[in-house]
Amino acid sequence: MAGLNVDDVKVSLQKFGLYDYVVFVLMLLSCAMIGVYFGFLKKKARKGEAEADYLVGNRQMKIIPVSLSLIASFISGISLLGTPTEIYLYGVQYMYIVGGVISMGFIMMYFYLPVFHNLKLTSTYQYLQTRFDRRMRLFGSILFTLATMAWLPIVIYVPALAFNQVTGINVHLITPIVCVICIFYTCVGGLKAVVWTDVVQTILMFGAMVLIIVKGTLDVGGLSVVIERAKASGRIEGPDFRFDMTTRHNIYSCVIGGVIYWLKTNAVSQNMIQRYLSLPTMAAAKKALWTFIFGTLVLLALCCYSGLLIYAKYYDCDPLTTKLAKAKDQLLPLLVMDTLGDFPGLPGLFVAGVFSAALSSLSTGLNSMSAVVLEDFFKPFSNRPLSEKQTSIIMRAVVAIFGAICVVLVLVVEKLGSVLQLSMSLGSVSNGPLLGIFTLGVLIPWANGTGAIVGGSIGLVVMIWVCLKAQLAIATGELTFDLKPVDTRGCSYHFIASEPMSMLAINTTSPPLEASPAEPEFALYHISYLWYTTMGALITIIIAVIVSFIVGPNNPDEMNPNLFSPFIQRILVRRRIAANTQLEMATGGIKEIIQ
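A quick note: this is a predicted structure, and the numbers were derived from the prediction, not measured.

### Structural notes on the overall build of the protein chain
- When helices and strands are tallied, the protein chain shows 21 helices and zero strands.
- Here the protein chain holds 595 residues, and the buried ones make up 58% of them.
- In the protein chain, once contacts between residues fewer than 6 apart in sequence are set aside, the share between residues at least 24 apart is 86%.
- In the structure as shown, the protein chain presents an accessible area of about 23,400 Å², 66% of it carried by carbon and sulfur atoms.

Here it is in structure tokens:
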């Protein structure tokens, strides 16, 4: 490529041909056909069951499809493209979050999942009204709606970046087309269509990642070369055991902060809980949980290795410095075109895999939004019961309207920079208070509705302040963070670096990573983004408990035990048995005295 400039190389790599478009279109058509099948061809639900069929599959779904759906819903295009970018730029320290993922599984299985599954809810926010009051249900539903609408446009934007890298087609041309298909099958097919399209999409995701890894590893000279180059650059390293909350990633933020973050996104989120509630028994839900965790860990490992592979491929010619990749999250698509571009259909398979990840997350979010809007915004405020036709119209209208809003919001997301940490930090604004509120509900019987809403409101305000201050600090250079070394001395094409390599990541909207050495004073907003959810939850819980005791706590003996985690239920039952025994003894003693 001697004599070529970076633009020539960029054009030469855009080999997305007829076969690739065929593979991509077939993926979209298969999703649409699944929607048609469940919406029009499959036997209709019996009268009175249409809502349950649309939102939770009549609670008769199977374990494997639901497990694959959970994986597809959680591992969005953000993870598929953002995680390799994270590893390429900063090394493997982030991957110690797997300890948090596994811990989350045990905590969810024993503390949260039994409560929601046994109550047979449709919206998790119904629980907040039963446990606290109507205000809390509305508060939780509003927070979920805002968080979802902040997250979904990022989910849509990410695969559009990949498509732009491999084809050159404008981001805003492809997003409406793909979103319309997703909105269609979610709208007409409900949860069953979402789950079965997720099955197809999960298989595509795994297939695409394995294909890239195998071919890419062979191209660079084998696994030993990938490991050797990653070690030499410091990208493979042991866990950082220094306890410093301003350190971007260390073992404490990844495991402790990670488990709290994953608890919110899996244990109390409507997006995920709705899948578990579609299973017929608690035993089936537990099996789905651990299948989901195993699949997620495998996919995270694939993403991590692909990040190391990107570095092994471009160890002496960094594509971000040369602008061969315009955005950080285009690194994996660049690797795909460099390694698979000469094989017709394979780049199309990769793009289909990335779009599959996005479509599954988008369809999950829209289906969950229809459940929340119907159950929490319409039914509680309706003067008379909604008819089956009205219910059907509302559920489908919500999918269509919110899907259209997400497409428009992509214009905003385009300006915001790197996506993996951006999505985690934005979500933490509402995730922390929400997790705190649900934890109060299932673990602390004394907490009441007034305490919960005061604690949740203060937690929300504090987290908004922390996030805004952090973004401002990053924009002004008050907070900086170190990148792993890159090199451009081996480039075979001409380029003009518009900014020094050491400055590549400063002007992003990623959350605070590490306080600048020139900033000795500790500030709350300097902490790692992985602590955000923990901070929001702790503030909510502490304030709520204090306020509850000030205004008058609940009497645990008067509470419904089914609203609490199993071990809290056992404590409450023992208290009642002991109280009844004492009462019987006292009554017996009085009778003896009278006699």
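### Remarks on a nonpolar patch on the surface
- Nonpolar side chains collect at one region of the surface, where Leu18, Val22, Val25, Leu26 and Leu29 lie side by side and expose about 470 Å² of accessible area between them.
- Checked against the element boundaries, Leu29 lands in helix H2 (residues 18-41).
- For Leu29, a relative accessible area of 46% translates into the label partly exposed.

### With respect to the pattern of salt bridges
- Under the criterion given, the structure shown has eight salt bridges.
- With its nearest N and O atoms 2.7 Å apart, the salt bridge here joins Asp133 to Arg135.
- Asp219 is the partner of Lys215 in a salt bridge, and the nearest nitrogen-oxygen pair spans 2.9 Å. In this pair, Lys215 and Asp219 both sit in helix H9 (residues 171-220), four residues apart, roughly one turn of the helix.
- Looking at Lys215, the relative accessible area reads 22%, which means it is partly exposed.
- Assessed through its relative accessible area of 36%, Asp219 is described here as partly exposed.

### Structural notes on the packing of H2 against H9
- Taken N-terminus to C-terminus, the directions of H2 and H9 make an angle of 70 degrees; their axes are 7 Å apart at the nearest point. Taken as axis vectors, H2 and H9 run roughly perpendicular relative to one another.
- For the contact of H2 with H9, a count of residues per class yields 19 nonpolar, six polar and one charged.

### Brief notes about the packing of aromatic side chains
- A complete count under the given rule lists eleven aromatic pairs for this structure.
- Relative to Phe438, the ring of Tyr125 lies with its centre 5.8 Å away and its plane at 55 degrees, an arrangement referred to as tilted. Of this pair, Tyr125 sits in helix H7 (residues 125-131) while Phe438 sits in helix H18 (residues 420-443), and the two are 313 residues apart along the sequence. Like Tyr125, the residue Phe438 is buried in the burial classification.
- The structure contains a cluster of three or more aromatic residues connected by ring pairs, namely Phe116, Tyr125, Tyr127, Phe144 and Phe438.

### Quick look at the environment of Leu334
- With respect to the helices, strands and loops of the structure, Leu334 is situated in helix H15 (residues 331-340).
- Considering only alpha carbons, one finds Leu334 and Pro319, 15 residues apart in sequence, at a separation of 8.7 Å.

### Examining unusual backbone geometry
- With a phi close to 55 degrees, Lys120 is a non-glycine residue in the positive phi region.
- Here Lys120 is to be found in the loop between helix H6 (98-119) and H7.
- Backbone geometry places Lys323, a non-glycine residue, at a positive phi of 70 degrees.

### Concerning the environment of Ile260
- Within the secondary structure, Ile260 is located in helix H11 (residues 251-267).
- Ile260 sits 159 residues away from Val101 along the chain, and the two C-alpha atoms are 9.3 Å apart.
- Ignoring sequence-local partners within four residues, the contact set of Ile260 consists of Leu435, Thr533 and Thr534.

### Quick look at the state of the cysteines
- Across all of its chains, the model carries one disulfide by this definition.
- One disulfide in the model links Cys317 with Cys491; its S-S distance is 1.9 Å. The S-S bond linking Cys317 to Cys491 shows a torsion near 105 degrees; that makes this disulfide right-handed. Taken together, the residues Cys317 in the loop between helix H13 (282-313) and helix H14 (319-322) and Cys491 in the loop between helix H19 (449-476) and helix H20 (532-551) connect sequence positions 174 residues apart.
- Among the residues examined, Cys317 registers a relative accessible area of 8% and is labelled buried.
- We note that Cys182 lacks a disulfide partner, and the nearest cysteine sulfur, in Cys179, lies 6.7 Å from it.
- Taking relative accessible area as the criterion, Cys182 reaches 0% and is therefore assigned buried.

### Overview of the side chain of Arg137
- Locating Arg137 in the fold gives a position in helix H8 (residues 134-167).
- The exposure class assigned to Arg137 is buried, which follows from its relative accessible area of 10%.
- Residues in contact with Arg137, not counting those within four places in the same chain, are Tyr125, Gln126, Leu128, Gln129, Glu375, Asp376 and Pro380.

### Quick look at the nonpolar core
- With 177 residues, the main nonpolar core has Tyr276 and Phe292 as its most contacted residues.
- Ranked by residues supplied to this core, first place goes to H13 with 18 residues.
- If sequence neighbours within four positions are ignored, Tyr276 has contacts with Leu70, Met108, Leu113, His117, Asn266, Ala285, Ala288, Leu289 and Phe292.

### Observations regarding H6
- Its 22 residues place the ends of H6 30 Å apart at the C-alpha level, agreeing with the 32 Å of an ideal helix rising 1.5 Å per residue.
- Along its length, H6 shows its largest kink, about 50 degrees, at Met108.
- All buried positions along H6 are accounted for by Gly100, Val101, Met104, Gly105, Met108, Met109, Tyr112, Leu113, Pro114, Val115, Phe116 and His117.
- Following H6 by one or two positions, Lys120 adopts a phi angle in the positive range, close to 55 degrees.

### Considerations on the confidence of the model for the protein chain
- For the protein chain, per-residue confidence averages 82 on the pLDDT scale, and residues scoring 70 or more make up 87% of the total.
- Mean pLDDT across the elements of the protein chain bottoms out in helix H3 (residues 50-56) (68) and peaks in H20 (94).
- The low-confidence segment residues 500-520 (pLDDT under 50) makes 67 contacts with residues lying over four places distant or belonging to another chain.

### Section: the packing of H6 against H11
- It is the contact of H6 with H11, at a shortest axis distance of 8 Å, that shows an interaxial angle of 40 degrees. Of the possible angle classes, the one that applies to H6 and H11 is oblique. Seen from above, H6 lies across H11 with right-handed handedness. Contacts between H6 and H11 pair Gly99, Gly100, Val101, Ser103, Met104, Ile107, Met108, Tyr112 and Phe116 from the former with Cys254, Val255, Gly258, Val259, Trp262, Leu263, Asn266 and Ala267 from the latter.

What counts, and at which threshold
- Just so you know, the residues in each chain are numbered from 1, in the order the chain's sequence is written.
- Local features in a predicted model are, by the rule used here, given only for residues with pLDDT of at least 70; side-chain atom pairs are given and counted only at 80 or more, and totals for whole chains, interfaces and linings are based on all residues.
- Note that the side-chain values use all heavy atoms of the structure and ignore hydrogens as well as water.
- Runs of H or I in DSSP of at least four residues are treated as helices and runs of E of at least two as strands, each being numbered from the N terminus.
- Burial status follows relative accessibility: with a 1.4 Å probe on protein chains alone, a residue under 20% of its type maximum counts as buried, one over 50% as exposed, and anything between as partly exposed.
- We call two residues contacting when some pair of their heavy atoms lies within 4.5 Å.
- Shrake-Rupley sampling with a 1.4 Å probe provides the accessible areas, and residues are treated as covered by the protein chains on show and by no other component.
- Here a patch means residues that are over 30% exposed by relative accessible area and free of salt bridges, tied together within 9 Å if like-charged and within 5 Å if nonpolar (Val, Leu, Ile, Met, Phe, Trp, Tyr).
- What makes a salt bridge here is a side-chain nitrogen of Lys or Arg within 4 Å of a carboxyl oxygen of Asp or Glu, nothing more.
- Every axis corresponds to a line fitted to the C-alpha atoms, with the helix fit spanning only the stretch in contact, and the corresponding angles, defined between N-to-C directions, vary from 0 to 180 degrees.
- Roughly parallel here means an angle under 35 degrees, roughly antiparallel means over 145, roughly perpendicular means 65 to 115, and every remaining angle is called oblique.
- Residues were grouped as follows: Ala, Val, Leu, Ile, Met, Phe, Trp, Tyr, Cys and Pro as nonpolar; Asp, Glu, Lys and Arg as charged; and all remaining residues, including Gly, as polar.
- Paired rings are identified among Phe, Tyr and Trp, the last through its six-membered ring, by centres lying within 6.5 Å, and are further divided according to the angle between planes into stacked (under 30 degrees), edge-to-face (over 60) and tilted (the rest).
- Only a pair of cysteine sulfur atoms within 2.5 Å counts as a disulfide in this structure description.
- In this description, a nonpolar core means a group of buried Ala, Val, Leu, Ile, Met, Phe, Trp, Tyr and Cys residues linked to one another through side-chain atoms lying within 4.5 Å.
- What a helix should span is 1.5 Å times the count of its residues minus one.
- Bend, in this description, refers to the angle at a residue between axes fitted to the seven residues ending there and the seven starting there.
- The predictor rates its confidence in each residue with pLDDT, a number between 0 and 100.
- Handedness of a crossing follows from how the near helix is turned relative to the far one, being left-handed for an anticlockwise turn of less than a right angle and right-handed for a clockwise one.

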